[in-house]
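Structural overview
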Amino acid sequence: MTSAIPLNVGITRSASAADAGAKRVLLAEPRGYCAGVDRAVETVEKALEQHGAPIYVRKEIVHNRHVVETLRERGVIFVDETDEVPEGALVVFSAHGVAPTVHETAAERNLRTIDATCPLVTKVHQEAKRFARDDYDILLIGHEGHEEVEGTAGEAPRHVQLVDGPDSVDRVTVRDPAKVIWLSQTTLSVDETMETVERLRQRFPTLQDPPSDDICYATSNRQTAVKAMAPECDLVIVVGSRNSSNSVRLVEVALGAGARAAHLIDYAREIDPAWLDGVRTVGVTSGASVPEILVTGVLDLLAEHGFGEVQPVTTANETLVFSLPRELRPARR
C-alpha cells in the first residue's frame, strides 16, 4: 500500500476570483491528521472506553493544544515522567516514541503500558539499533530536546550523535569515516534535511543513507502542498501548535516558497484582522496533529471577512492506516 498518490496541481481563478478585488482561499490537501496521529489519539480514546478515567499519558500524546486539552477534560492526566504515575496504573506512551530506559522504569513501578509510538518512528528506532549493532556512528539529524530525538537516541546512546541542522555539521566527529550513516527525525523540513546531508557528505564522502526515507510521508506531503500554493499566496495560515515540529516547518516552507507572509495559530480567534489588510489570496493548511474542526473554524472566520471562495490544492491522496496497539484490538474469535 502506498501512503500517497501524486496528483496534478492546477491553481486557477474562477470568473469571480478574476474580478478586481475578489478574495479566495487556497486550501492545502493533504493537511491535518496523519495515520500515526490518528492512531495515537484513538489509542487514548479507546483506553478511556475500556479502562475508564483516569488514564495517564507520558508527555503530550501528540503536539496539539486542542487535542491535549480535550483529552484532559475527559480524564486523561499528562505527566512528564513515569515516576509521576501511581504504581500499577495504566500509562500510554506518546506518538513520538520513548527510549528503552522509559520502558524499564515503567516496569520497575509495575505500570501497565500501552505504546502509541507511530510505526514510522518505530522504524527509525529499529534502524538505530541495527546500525549500532554493526558498530556504525549514527548521525541523527533532528532538533535538540525534541521527544522523538530523545527516544531514538536512547536506543543506542553510545553510537548516536545529534546533528541539529546544517550549522552543526562542522562539530561532528566520528571514529571511522567509512562507517557512518545518517538518520533523521520524522518531522523535519525536507529541504533543510537534505542540505544538512549534503554538508555531511562533503565531510564524509562515504556517508550512508537510511534504508528508507525517515522523514514521514505526511510531513513530506504537507510540505509539498504548501510549496504548490505558496507562490500564489499573500498570506499562509498554518493551523498547529508551537511545539509541533512539522507545523513550525510548514510556516518556514511557505515563506521559503514565496508566500508574502505566514503565521502559525492554534485557533481561528488568534488571527489578527490586520493580517488580512490588502490580501487577496490566503493559503490554509494544518500540521499532522491538527483535527479538521480547527481548520473549519479558520475557514468560517475567513468567510466572514470576504474570503468565501475556497479552492483545494491537492498534491497527494493519503491512504495509509495503522492498526491500534495490540492491547486495544478486539479479541479474535
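In what follows, the structure referred to is the one given above.
A short tour of the structure in this document, coming up.

Scoring rules and cut-offs
Residues numbered from 1 in each chain as written. Predicted model: local features only at pLDDT ≥ 70, side-chain atom pairs only at ≥ 80, totals over all residues. Heavy atoms only, no water. Pairing = 2+ DSSP bridges. Helix = DSSP H or I, 4+ residues; strand = E, 2+ residues; numbered from the N terminus. Axes fitted to C-alpha atoms, helices over the stretch in contact; angles between N-to-C directions. Phe/Tyr/Trp six-rings, centres within 6.5 Å; stacked < 30°, edge-to-face > 60°. Lys NZ or Arg CZ within 6 Å of the ring centre and 35° of its normal. Contact = heavy atoms within 4.5 Å.

**Brief notes about the sheet that holds strand β5 (residues 90-93)**
Taken in spatial order, the four strands of this open sheet run β4-β3-β5-β6, and their pairing is parallel. The outermost strands of the open sheet, each flanked by one partner alone, are β4 (76-79) and β6 (112-115). Each strand of the sheet is rotated relative to its neighbour by a mean of 30 degrees, with strand direction disregarded.

**Notes on the packing of aromatic side chains**
In this structure the tally under the stated criterion is one aromatic pair. Geometrically, the ring pair formed by F131 and Y136 is edge-to-face, given 5.4 Å between the ring centres and 85 degrees between the ring planes. Its guanidinium or amino end placed over the ring of Y267, R269 lies 4.3 Å from that ring's centre, counting from NZ or CZ.

**A closer look at the environment of C216**
The residue C216 is located in the loop between α7 (190-203) and α8 (217-229) in this model. For the pair C216 and A28, spaced 188 residues apart in sequence, the C-alpha to C-alpha distance is 18 Å. Ignoring sequence-local partners within four residues, the contact set of C216 consists of L120 and T186.

**Looking at the sheet that holds strand β7 (residues 137-141)**
Read across the open sheet, the three strands follow the order β8-β7-β9; overall the sheet is parallel. Edge strands, defined here as strands with exactly one partner in the open sheet, are β8 (160-163) and β9 (180-184). Adjacent strand axes in the sheet meet at a mean angle of 30 degrees when their direction is disregarded. Bridge count between β7 and β9: five bridges; the pairing is parallel. When the sheet's bridge partners are listed, I141 is paired in β9 with S184. Running at roughly 165 degrees to β9, helix α5 (residues 119-133) makes contact with β7 and β9 of the sheet. Against the sheet, α7 touches β7, β8 and β9, its axis set at about 150 degrees to β7.

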